Amino acid sequence: MSSVNTPSHSLTVKKEFKLNSFLVKWEMILVYILVLINVILMIAKPNYYFAANTIPSIIQSGMDLSCMVLGMIFILLLGDIDVSVASIMVVCGMVMGLLKDAGMNDLIVVLCGLLAGVLCGLFNGVLVAKIGMPAVIVTIATSSLFRGIVKIRLDVNVLKNFPKWFQDLAWDNILGIPVALLIFLALAAVFAIVLHKGKFGRTLYMIGNNPVASLYSGINVTRTKILVFVIMGFMAGVSSIFFVGRMGGGLSSTMGKGYEMNVIAIAVLGGVSTSGGKGKVYGPVIATLIMAFLSYTMGLLGVDTNTRQIFTGIILIVAVLIPYFNKQLIDEIKLKLFYANNKNIEAVNIRCHEEVTEIRHKMKALKHDTSLSEADKAAKRKAYEDKIAALTKKCAQTTKAMKDELKQQNMKTNRALSK
Amino acid sequence: MAAFPKTRTSAQKQESIFERILNYKQFGLIVALILLGLLAKFITPAMYQPASLVAMLRNNSIYAILAIGEMVVILTGGIDISIASTLSLSGVISTTLMTQNPSVPAIVWVIVSLAIGALCGLFNGFLIGKLKMTPMIATLATMYIYRGLAFLISGGVWLFPNKFTEDFTVMSQGSILGIYNITWITIILFLVAGVFLSYTQPGRRIYAVGTNVESAHVSGIKIGNVTVMSYVLCGALSGLAGVLYTANYSICYYGIADGFEMQAIAICVLGGVSLIGGTGRIDGVVIGAVLMSVISYFIGLLPGLSVWQDAIQGAIIIVAVAINIFTERMTIKRILKERGAMI
C-alpha cells in the first residue's frame, strides 16, 4: 500500500541549503552593507583606516547601547515597544554612582544597579501586561518619569565616582578585540539560544503573531510579557555599565537622550518587525556594528550630530519599508497595471505562467537526459517550444477578450448612470 | 423572547440632571480642576490676578494647539510624536524667511508655515496610511529627520528679537479685550475642531476608522485616505504652532519646543482621548489643556519644583491612562449588568 510508505517524519520540514536564497537573506544584505561602509571609509581615509587601533575603537564606540538592542528584540517580537530604555539606563547608572559614593562594595553596586533596571522593567511590564495600557504610551510616560527621578536626585550635578573597571570594560582590548564586543557576542549567543532553540523563544513568536490564539492555547501571556519587560530592564542595566565606562566614568541626568531611538532603529534595521512575531538575533547583532561604523564614518567625513540624525531616521524608514516591497506588493501593482484590476484576468495569466514554467522545467530535465538521442531531444524541444508559444498566444487572446468585455460593461454602466 | 434593550435616547431621557452630571465623562476632570483651584487659593493666591491668568493661558496655548492635532491622530488609533519637530521645522523656515523679507505681510508666513506643516504631515500620513508603517516607528523616524532638517536649514543660527518685525510678533503678542491673540487663535481652533469632528463627514469618518477599521472599510470609507488626512491636519496645526511659537517668544532656533509632543499627548490622555482610538471629545481636550496649564503653573511657581516637572508629567500620564482604562471597563460592566437585568 502506498499510504504506508509515505514517511511520517516528513512533518519536520528541513529546507535544504541553497546558495541563491542564502546570499539574498536579510542578514547577508546587512553584511554587504557593513562591507560597503568599510570600503567607503577605507577609500576616504586610507591612512586612518589602516592605523593599528582604528577598527577596535570604532567597534567600541557602538557598544554602549548594544546590550539594549538584545532586549529590544524580545520586546519588538511581542509587538510592543519600549522607548524608556535610555531613561532606565540612566536610572541604573545613577543608582550605581550613588551607592559607590556611599562607599559600597563593587559587587553590591553592580547588583543594585541591575536590580534598579529590573524594577523599572517590572513597572513597565505590569502596566502594559496586567493593566492593559498600550506599551507606547506607558513607555513614553515612564521615560519622562524615570528621567525625572534622576533629575530630582541629581539636578545639575554630575556623578563621578564609579568602579574603575567600568572604563576598562568599555575601552580595553584583548588581543586586539574589544572586551565590550566579546561580552556583547557572548550575551547575543545566550539570547540566540533562548530565542531560537528554547521553548520560551517559540512562545515569544507565537504571542507576537497572535496574542489571543496563544492565550487560548495555554500560554500565560501576561507573565511572559512582564518577564520580557524585566529582561529589557536588566539589559538596560548591563548597558549602563558600558555607557558609564564610555563616558569616562561620569553621569548626568541629560546623558543618553535619544538612545532609545538608536536602539529601536538598530533592531528594526536588523530585520525585526515592529508589528511583532518576526525577527532573529543575528540581524540586529550585525546591524549594531553597521550603526557603529556608519556614525563613526560620518563623523570622520565631517557630518555633524544633528545631520547624522536625519540619516538614522531615513535608515529606520527604509529598513521598515524594505520587507514591505515583497511579492504581494508586486502582485498588487501588476494587477493594477496589466490586469485592469480584474482578478479573473490575473488568474488566467498566472495559470498560463505556471504551465509555461512547468514546460521549461521539463526542457531543462531533457538536457540532462542521457537515454534519448540528440535528434529526439531536438524534436521534443521543438514540440515544447511550440506548446509554450501556443499557450502564451492563447493567454494573450483571452486577456484581450476579457478586457474588451470589461470595457463594454463599464461603458454600459456609465451610459446608464449618465441617463 | 427577551425584551429588546432600551435604546440610548430613551435611557437618556429618564436620567435626572444630577445623574447626567455624574455620568458626564469629564466629571472627574472638572472635580480635579476645582480642587486644584481651591488649593491655589491657599497656596498661590497670585494665580487669581487677571494678569497671571491671561499669561497662563498665553503660555499654554501652543500646547493646546498641538493637542488638537494630536487628538485628531489619536482618534484614528495612531500616534504622532513628530509634532514638536514639525513645529521647529516650520517655525525655523518661516521665521528665517521673515527676517530676510521683512516687508511681506505676516499672513504670508502663516500660510507658509501651514503648508510646511501639512507637507510634513503628508509624509507621515503617506508612510502610515499608504505604506502601512507602524505610527510610532514612522513618526519616531520623521521626528529626527524634521529636527535635523531644521538644523540644516537654520545652520544652527539663533534669531533674536531685534530681527522680528512688529507685524509678525503681533500675531501672538498683541491682545484683544485683554486676552492675547495666541489665546484667541487657540479658542477659534478649538471651536473649528469641535464642529469639524462632530458635525462634518470627514470628522465622523475619523471616529469611524478609530472605532473599528474593519467595519469602516466595509461601509465604504477609504481607510488610507482618512489616515493621511488626519496626519496632514495634525501636521498643519503643528506648522501653525511653529509660527505662533516664534512670534510669541520672539526667538527662533532649531531646538525650540523640545519635548512638546509629550505635553500634547498628556493633554489628550488627560482629556479622555483613548489611545486605542475612536473615543474622546473636544471638550475633554479643552479641560485637559486648562488642567495641564494649572498644573504647570503650580510647578513653575513653587520654589525647587522645576526639577520635578518631567517626573510629575510622566506620573500624570500613567495615572490618567490607568483611570481611563478602569472607567472604560466599569462602563462595559455596567452595560452588561443592565443587559443582564433585561434578559
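Not measured: the values here are computed from a predicted model.

Draft legend 1. Structural context of the overall build of chain B. In terms of helices and strands, chain B carries 15 helices and two strands. For a compact globule of 343 residues, the expected C-alpha radius of gyration is about 20 Å, and chain B comes in at 21 Å, within 12% of that figure. Taking the intrachain contacts of chain B between residues at least 6 apart in sequence as the baseline, contacts between residues at least 24 apart amount to 77%. Of the roughly 16300 Å² that chain B leaves accessible, carbon and sulfur atoms contribute 69%.

Draft legend 2. Region of interest: the side chain of Ser144 of chain A. Here Ser144 of chain A lies in helix α9 (residues 135-154). Contact partners of Ser144 of chain A, with chain neighbours within four places excluded, come to Met262, Asp310, Ala311, Gln313 and Gly314 of chain B.

Draft legend 3. Examining the interface of chain B and chain A more closely. Taken residue by residue, the interface counts 38 residues in chain B and 37 residues in chain A. Here chain B and chain A share zero salt bridges between them. Inspection of the chain B/chain A interface yields two residue pairs in polar contact (both at pLDDT 80 or more). Ranked by residue count, the leading element in the side of chain B that touches chain A is helix α15 (residues 309-342) of chain B, at 12 residues. Grouping the constituent residues of the side of chain B that touches chain A by class yields 30 nonpolar, five polar and three charged.

Draft legend 4. How the structure looks around helix α14 (residues 282-301) of chain B. Between the first and last C-alpha of α14 of chain B there are 28 Å, a value that for 20 residues agrees with the 28 Å anticipated at 1.5 Å per step. For α14 of chain B, the tally of buried residues reaches 16 of 20 residues, placing the bulk of the element in the interior.

Draft legend 5. Molecular detail of empty space enclosed by the protein. On inspection of all chains with the given rule, the structure shows two cavities of 30 Å³ or more. What lines the largest cavity is Pro134 of chain A together with Val273, Ser274, Leu275, Ile276, Val321, Asn324, Ile325 and Glu328 of chain B. Of the residues contributing to the lining of the largest cavity, the split by class is six nonpolar, two polar and one charged. For the second largest cavity, the calculated volume is near 60 Å³. If you go around the second largest cavity, the residues you meet are Gln263, Met292, Ile295, Ser296, Ile299, Gln309, Ile312, Gln313 and Ile316 of chain B. Looking at the lining of the second largest cavity, the elements that each hand over two or more residues are α14 and α15 of chain B.

Draft legend 6. Looking closely at the nonpolar core. Membership of the largest hydrophobic core comes to 208 residues, with the highest contact counts inside it found for Met68, Met72, Met133 and Val281 of chain A together with Ile62 and Met71 of chain B. When residues of this core are assigned to their parent elements, the largest contribution, 13 residues, is made by helix α4 (residues 50-75) of chain B. Beyond its immediate sequence surroundings of up to four residues, Met68 of chain A is in contact with Val85, Met89, Met232, Met235, Ala236, Ser239, Tyr259 and Val263 of chain A. In this structure, Cys352, Val356, Met363 and Cys395 of chain A belong to the second largest nonpolar core, which totals eight residues.

Draft legend 7. Main features of a positive patch on the surface. Together, Lys336 of chain A together with Lys130, Lys132 and Lys222 of chain B give the surface a local cluster of positive charge. One can find Lys336 of chain A in helix α18 (residues 327-337).

Draft legend 8. Here's a closer look at the packing of helix α6 (residues 66-77) of chain A against helix α15 (residues 259-269) of chain A. Residues and elements named next belong to chain A. Where α6 contacts α15, the two axes come as close as 9 Å, and the packing angle between them is 65°. One element, α6, and the other, α15, form an angle in the roughly perpendicular class. Crossing of α6 over α15 shows right-handed handedness. Contact residues: Met68, Val69, Met72 and Leu76 in α6; Tyr259, Val263, Ile264, Ile266, Ala267 and Val268 in α15.

Draft legend 9. Looking closely at the pattern of salt bridges. What the rule picks out here adds up to four salt bridges over all chains. Lys100 of chain A is the partner of Asp106 of chain A in a salt bridge, and the nearest nitrogen-oxygen pair spans 2.7 Å. Residues Asp283 of chain B and Arg281 of chain B are paired through a salt bridge, measuring 3.2 Å at the closest nitrogen-oxygen approach. For Arg281 of chain B, a relative accessible area of 52% translates into the label exposed.

Draft legend 10. How the structure looks around the packing of aromatic side chains. What the rule picks out here adds up to 12 aromatic pairs over all chains. Relative to Phe191 of chain A, the ring of Phe74 of chain A lies with its centre 5.0 Å away and its plane at 50°, an arrangement referred to as tilted. You can see Phe74 of chain A sitting in helix α6 and its partner Phe191 of chain A sitting in helix α11 (residues 179-197), a full 117 residues away along the chain. Residues Phe74 of chain A and Phe191 of chain A agree in their burial class; the two are buried. Ring geometry for Tyr253 of chain B and Tyr254 of chain B: centres 6.1 Å apart, planes at 80°, overall edge-to-face. Note on Tyr253 of chain B: relative accessible area 22%, which makes it partly exposed.

What counts, and at which threshold
Residues numbered from 1 in each chain as written. Chains lettered and ligands numbered in written order. Predicted model: local features only at pLDDT ≥ 70, side-chain atom pairs only at ≥ 80, totals over all residues. Heavy atoms only, no water. Helix = DSSP H or I, 4+ residues; strand = E, 2+ residues; numbered from the N terminus. Rg over C-alpha atoms; globule rule 2.2 N^0.38 Å. Contact = heavy atoms within 4.5 Å. Areas by Shrake-Rupley, 256 points an atom, 1.4 Å probe, with all protein chains shown as cover. Salt bridge = Lys/Arg side-chain N within 4 Å of Asp/Glu carboxyl O. Polar contact = N/O pair within 3.5 Å; in protein donor to acceptor, adjacent residues only side chain to side chain. Nonpolar A, V, L, I, M, F, W, Y, C, P; charged D, E, K, R; others polar. Expected span 1.5 Å × (residues − 1). Buried < 20%, exposed > 50% of the residue type's maximum accessible area, 1.4 Å probe, protein only. 1 Å grid on protein atoms, 1.4 Å probe; cavity = no way out; pocket = protein on both sides within 12 Å on 5 of 7 lines; lining within 4 Å. Points joined across faces, edges and corners; volume = space filled by probe spheres on them. Core = buried A, V, L, I, M, F, W, Y, C linked by side-chain atoms within 4.5 Å. Patch = residues over 30% accessible without salt bridge, like charges linked within 9 Å, V, L, I, M, F, W, Y side chains within 5 Å. Lys, Arg positive; Asp, Glu negative; His and termini not counted. Charge placed at Lys NZ, Arg CZ, Asp CG, Glu CD. Axes fitted to C-alpha atoms, helices over the stretch in contact; angles between N-to-C directions. Parallel < 35°, antiparallel > 145°, perpendicular 65-115°, else oblique. Left-handed = near helix turned anticlockwise from the far one by under 90°. Phe/Tyr/Trp six-rings, centres within 6.5 Å; stacked < 30°, edge-to-face > 60°.

Shape is all these values report; function is a separate question.
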